[in-house]
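The residues making up each chain are set out below.
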Amino acid sequence: MREYGSNIILPSLDNLFSSEQERQDAKLEKIQILPLSELHPFEGHPFQVRDDEEMDKMVDSVKEYGVMTPAIVRPRRDGGYEIVAGHRRCHASQRAGVDTMPCIVRDMDDDTAIILMVDSNCQREHILPSEKAKAYQMKLEAIKRKGGRPLKINSGQLGQNFSQPYSVEKVADEAGESVKQVQRFIRLNKLTPDLMRLVDDGRLKTTPAVELSYLTPEEQEEFLSYMEEEGCTPSLSQAQKLKAASKESVLTKDKIHEIMSARSPSVKPREPQLTIAVSKVERYFPKGFSSEQMESTILKLLENYYRKRQDYER
């Protein structure tokens, strides 16, 4: 607008010669075709880009149709763009031999970018526990920095701001998880990398792993050595006893053996366990199958095979 005198205000030339629709379109983000060479991974990106069956399908789709959904990127201080959402699409494009990709360039601060990056990736079907652990931690810290802490005007004896949920509750709500589950995943970040790999492989259950995360790194390494030597994994009760011994600073190698070898007289010895990582068999099942459904299907197939073999031997 231009002001003439003290009372008359005239519209600018741009407003005179453009429609309302054009002005609205000008505010919308535009899709740009950017070279892959200018796209860089998000710093600290917690999600792996795996060359699995899903990626193979995405590569085939890119070859035939191109990238259908634009990636979201932001300008980098050192030049080029940082990918906020679209790492798998970028990798698929590289494998497909494509040099460019459609992108929406959006200016955003670090915390906004972290929240968007986590939210866009948490929609994927197969996410490892370690990926969730890192992602939830990153988002929680970003929300706190953006204002998740209690406001001063509401602080006092209650010590919290009731105008918005706790930061961890916000993470849980937007992820479709319970608060306790999100807290468990975040706690897994205290595991050593070797123990975390066991969780990802399904060889160590999440709940006992949370208890083991309270052990010192040295104690975790000592316990891992025991697990590998004995070929065993802890129950929740055993993991809790290990945690208690660590708290009392008495978790020696002998104490680990004492806790892990002790059995109640009324409890039968555990049968040997056969564990197969979901990542090794998921490609043989429809998308969305839970581990319980996979196990049930495998047992049925084995039962059918056994019956056919019995009939043949007769």
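It should be noted that the structure appears before, not after, this text.
Structure report, in brief. (Residues numbered from 1 in each chain as written. Predicted model: local features only at pLDDT ≥ 70, side-chain atom pairs only at ≥ 80, totals over all residues. Heavy atoms only, no water.)

## Points about the nonpolar core
Alright, step 1. If you look at the biggest cluster of nonpolar residues, it comprises 47 residues, and the most contacted ones within it are Leu188, Leu191, Leu212 and Leu242.
Alright, step 2. Take this core: its biggest share by element is seven residues, from helix 6 (residues 129-148).
Alright, step 3. Not counting residues within four places of it along the chain, the set of residues in contact with Leu191 comprises Met196, Val199, Ala209, Leu212, Ser213 and Gln220.
Alright, step 4. Residues Leu39, Val59, Tyr81 and Ile83 belong to the second largest nonpolar core, which totals 16 residues. (Core = buried A, V, L, I, M, F, W, Y, C linked by side-chain atoms within 4.5 Å. Buried < 20%, exposed > 50% of the residue type's maximum accessible area, 1.4 Å probe, protein only. Helix = DSSP H or I, 4+ residues; strand = E, 2+ residues; numbered from the N terminus. Contact = heavy atoms within 4.5 Å.)

## Considering the pattern of salt bridges
Alright, step 1. A complete count under the given rule lists 15 salt bridges for this structure.
Alright, step 2. Of the charged contacts, one joins Glu82 and Arg74 as a salt bridge, the two residues approaching to 2.7 Å between their closest N and O atoms.
Alright, step 3. On the basis of relative accessibility, which here comes to 10%, the residue Glu82 falls in the buried class.
Alright, step 4. Here Lys255 ties to Glu258 by a salt bridge, and the two come within 3.4 Å at their closest N and O atoms. Separated by three residues within a single helix, Lys255 and Glu258 lie in helix 13 (residues 253-261), roughly one turn from each other.
Alright, step 5. We classify Lys255 as partly exposed; its relative accessible area is 25%.
Alright, step 6. Counted as one network, the salt bridges with shared partners bring together Asp119, Lys139, Lys170 and Glu174. (Salt bridge = Lys/Arg side-chain N within 4 Å of Asp/Glu carboxyl O.)

## Focus: the packing of helix 3 (residues 53-65) against helix 4 (residues 87-95)
Alright, step 1. Put simply, helix 3 and helix 4 touch, their axes get as near as 8 Å, and they point 65 degrees apart. In terms of orientation, helix 3 and helix 4 fall into the roughly perpendicular class. Considering the relative orientation of helix 3 and helix 4, their crossing is right-handed. In this structure, helix 3 contributes Glu54, Met55, Asp56, Met58, Val59, Val62 and Lys63 to the contact, and helix 4 contributes Arg88, Arg89, His91, Ala92, Ser93 and Arg95. (Axes fitted to C-alpha atoms, helices over the stretch in contact; angles between N-to-C directions. Parallel < 35°, antiparallel > 145°, perpendicular 65-115°, else oblique. Left-handed = near helix turned anticlockwise from the far one by under 90°.)

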